[in-house]
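Chain by chain, the residues run as shown.
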Amino acid sequence: LQEVKSGSPPLKTRAHPPRLQMLKNAFEKKYGKSPKFYAHAPGRVNLIGEHVDYCGYSVLPMAIEQSILAAVSVNDSETIELANTNPQYKDFRVSGTEEIDIGKDNPQWHNYFLCGVKGIQENFSLPSLVGMQCVVDGTIPASSGLSSSSALVCCAGLVTMEANEKSLSKVALAEICAKCERYIGTEGGGMDQSISFLAEKGTAKLIEFNPLRATDVQLPSGAVFVISNCCVEMNKAASSHFNIRVVECRIATKMLAKVKGLEWKRLVKLAQVQTELGASLEEMLSLVEEVLHSDAYSRAEICQALGITPEQFSTDLLSSNTQHVTHFKLYQRARHVYGEASRVLCFKSVCDSQPADSIPLLGDLMKESHASCRDLYECSCPELDQLVDICSRKAGAVGSRLTGAGWGGCAVSMVPSDKVESFIRTVRETFYAPEPRRAAMEKQSLFVSKPGGGATIFIEE
């Protein structure tokens, strides 16, 4: 295999031949010919910085080995045919000459793929798309907080770009895929797509927005990160939890901005308020304490404070799947965002300076992050809290926190290198083994993760 069109270090093909060969065999069995090229997009684990990207703040993820891999052939049929190696995901086909309709109600796997296709089509204003036959293989656990859906969107964008003989930078691809995933109804901030394209092997990344950029973050050598799945699935696009938090942050932005005499109607992200005021994150936390009360706000109270009608409230501030919400916890959400944004910067600072006590310092930041996600942002769940508690208190992690959107999915734990085996054994025996369903999922749910490379295209030599 020859690696092409990747600005990051070449993916080491020796780590993937069995999987590539299996996918090639599946493709040939399905379509009776060999694929023309392969596209690979990794999942990610967010080490710290939860629910702050869509508020305009930096995040600190790394790519993981688990990924979406697609085998692709190109033809002149102007029809896109999709298949999946997992039999629970059904085949799908769509015309490349008609407008692509993406269903938001109970979204299926192919809807995420079509987001990437549509994003590339619209970016280049393509009246029609070349015919493609694709077989997709995924090793990222679905709905686990490791960005399986965004990796699928990114892989589809990469596939569509290559098949239609177009070229884009990794930054442009990340921005397009972040925007087009919103077709599925999720108002994300761009972290997942950015790290999938901009990741480099051996380093985590500080991802900053407006403009999008990625900075290497060298993690301390005396510890590793272990991912563990609580085995509760949460599909962001199929529920309203995620978008409710986006809306609450949007409303908090406008409430803070109006009190401070800013042009609140044009501000939509909490980071914009800080920028307009020229304030520090500590000063923003003080402003939250001063302006917002801890009781949930009713629609009427928000309308009165902003001087808008109930109709304007529904149209301008709510999304399609949050129209039913009647009360909003603005104080708690804003406190989490400004506090978490500060923790991200502290985390990077410790990694950059590498003091003697860097590992416990980073562990403490992770613990604080989980407590904020649990208590202020309320995006955890009992099973995830139980898992984090086991990891931190019983198994020997210096820090553990939920990662991803939450309400289920995975925890990430920072574990001293000499305690990894005992950590995994304790988590296995305490969390997975006692419950048959978890025990059956343990093999793919508990693993050490190292920083991996970003999205790549491979062609047959």
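Residues numbered from 1 in each chain as written. Predicted model: local features only at pLDDT ≥ 70, side-chain atom pairs only at ≥ 80, totals over all residues. Heavy atoms only, no water.

Labelled according to an unreviewed UniProt entry, the protein appears under the name Galactokinase 2, originating from Gadus morhua. Of the protein, the UniProt comment under Sequence similarities (unreviewed entry) reads exactly: "Belongs to the GHMP kinase family. GalK subfamily." (UniProt positions renumbered as here; feature names shortened; annotations may be inferred.)

Colleague: Describe the packing of helix H6 (residues 241-259) against helix H8 (residues 281-291), with residues and values.
Modeller: The geometry of H6 relative to H8 is characterised by a closest axis approach of 11 Å and an angle of 85 degrees between their N-to-C directions. Here H8 runs roughly perpendicular to H6, going by the angle between their axes. Contact residues: H6 offers Met255, Leu256 and Val259, while H8 offers Leu287, Val288 and Val291. Here the contact of H6 with H8 is composed, by residue class, of six nonpolar, no polar and no charged. (Axes fitted to C-alpha atoms, helices over the stretch in contact; angles between N-to-C directions. Helix = DSSP H or I, 4+ residues; strand = E, 2+ residues; numbered from the N terminus. Parallel < 35°, antiparallel > 145°, perpendicular 65-115°, else oblique. Contact = heavy atoms within 4.5 Å. Nonpolar A, V, L, I, M, F, W, Y, C, P; charged D, E, K, R; others polar.)

Colleague: Now, about the nonpolar core: what can you tell me, with residues and values included?
Modeller: Formed by 149 residues in total, the largest nonpolar core has its most connected members in Leu47, Val159, Leu292, Tyr338, Phe347 and Val427. Those residues in contact with Leu47 that lie beyond four places of it in its chain are Leu60, Pro61, Met62, Ala204, Leu219, Phe225, Phe347, Met366, Arg401 and Val412. Grouped together as the second largest cluster of nonpolar side chains are ten residues, Phe27, Tyr38, Val135 and Phe458 included. (Core = buried A, V, L, I, M, F, W, Y, C linked by side-chain atoms within 4.5 Å. Buried < 20%, exposed > 50% of the residue type's maximum accessible area, 1.4 Å probe, protein only.)

Colleague: Give me the lowdown on unusual backbone geometry, citing residues and values where you can.
Modeller: In this structure, the amide linkage connecting Asn210 to the following residue, Pro211, adopts the cis form with an omega of 0 degrees. Phi at His51 takes a positive value of approximately 60 degrees, unusual for a residue other than glycine. Looking at the element boundaries, His51 is found in the loop between strand E2 (37-48) and strand E3 (60-75). A positive phi angle, near 60 degrees, is found at Glu78, a position not held by glycine. Note on placement: Glu78 falls in the loop between E3 and strand E4 (79-84).

Colleague: So, the sheet that holds strand E12 (residues 399-403): which residues are in play, and what are the values?
Modeller: Spatial strand order, E12-E13-E9-E14: four strands in an open sheet with antiparallel pairing. Here the strands that pair on one side only, and so sit at the sheet edges, are E12 and strand E14 (446-449). Taking each pair of neighbouring strands and ignoring which way they run, the sheet shows an average axis angle of 25 degrees. Sheet analysis places strand E9 (residues 223-229) next to strand E13 (residues 410-416), joined by seven bridges and oriented antiparallel. Opposite Ile227, over in E13, you have Val412 as the bridge partner. Each of E9, E12 and E13 touches helix H12 (residues 358-375); the most contacted strand, E12, lies at about 40 degrees to it. (Pairing = 2+ DSSP bridges.)

Colleague: If you had to explain helix H15 (residues 436-445) to someone new, which residues and values would you point to?
Modeller: For H15, every residue scored as buried is listed here: Arg438, Met441, Glu442 and Ser445. Taken end-on, H15 shows its buried residues confined to a sector of 145 degrees, consistent with a single buried face. Of the residues in H15, the exposed ones pointing more than 90 degrees away from the buried face are Pro436, Ala440 and Lys443. Here the buried face of H15 lies against E9, helix H13 (382-394), helix H14 (420-432) and E14. (Arc of directions from axis to C-beta.)

Colleague: Summarise the pattern of salt bridges; cite the residues concerned and give the values.
Modeller: All told, the structure shown has 22 salt bridges when counted by the stated rule. One salt bridge connects Glu248 with Arg245, and the closest N-O pair in it is separated by 3.8 Å. In this pair, Glu248 and Arg245 both sit in helix H6, three residues apart, roughly one turn of the helix. Judged by its relative accessible area of 2%, Glu248 falls in the buried class. (Salt bridge = Lys/Arg side-chain N within 4 Å of Asp/Glu carboxyl O.)

Colleague: Hey, could you go over helix H7 (residues 270-277) for me, with residue numbers and the actual values?
Modeller: Turning to H7, its buried residues are Leu270, Ala271, Val273 and Gln274. Taken down its axis, H7 places every buried residue within 155 degrees of arc, on the same side. Contact partners of the buried residues in H7: H6, H8 and helix H11 (330-353). Taken from the residues just after H7, Gly278 is the one with a positive phi, measuring 65 degrees.

Colleague: So what's going on with the packing of aromatic side chains? Which residues, and what values?
Modeller: Any two aromatic rings considered together are summarised by their centre-to-centre distance and by the angle between their planes. Throughout the structure, instances matching the rule amount to six aromatic pairs. Here Tyr57 and Tyr338 contribute two aromatic rings whose centre-to-centre distance is 6.1 Å and whose plane-to-plane angle is 80 degrees, an arrangement assigned as edge-to-face. One end of the pair, Tyr57, is in the loop between E2 and E3; the other, Tyr338, is in helix H11, and 281 residues separate them in sequence. Using a relative accessible area of 0% as the deciding quantity, one classes Tyr338 as buried. Centroid distance Phe431 to Tyr432: 5.1 Å. Interplanar angle 85 degrees. Geometry classified as edge-to-face. Neither residue differs from the other here; Phe431 and Tyr432 are each classed as buried. The ring of Tyr183 carries the charged tip of Lys118 above its face, separated from the ring centre by 4.9 Å. Residue placement shows Arg438 over the ring face of Phe431; its charged tip is 3.8 Å from the ring centre. (Phe/Tyr/Trp six-rings, centres within 6.5 Å; stacked < 30°, edge-to-face > 60°. Lys NZ or Arg CZ within 6 Å of the ring centre and 35° of its normal.)

Colleague: If you had to explain the UniProt feature "domain: Galactokinase N-terminal" (unreviewed entry) in the protein to someone new, which residues and values would you point to?
Modeller: According to UniProt, the feature "domain: Galactokinase N-terminal" (unreviewed entry) maps to residues 26-73 in the numbering used here. The distance separating the terminal C-alpha atoms of residues 26-73 is 13 Å; by composition the span is 12% helix and 54% strand.

Colleague: Would you mind going over the pairing of E3 in detail, with residue names and values included?
Modeller: The buried count for E3 comes to 14 of 16 residues, which makes it a mostly enclosed element. Here ten bridges tie E2 to E3, and the two strands are oriented antiparallel to one another. Bridge pairing links Tyr38 to Ala71 in E3. Note that E3 and strand E6 (residues 131-138) share eight bridges and pair antiparallel.

Colleague: Provide a residue-level description of the side chain of Asn84, including the pertinent values.
Modeller: By the element assignment, Asn84 lies in strand E4. With a relative accessible area of 16%, Asn84 lands in the buried category. In contact with Asn84, not counting residues within four places along its chain, are Tyr89, Asp91, Trp109 and Val136.

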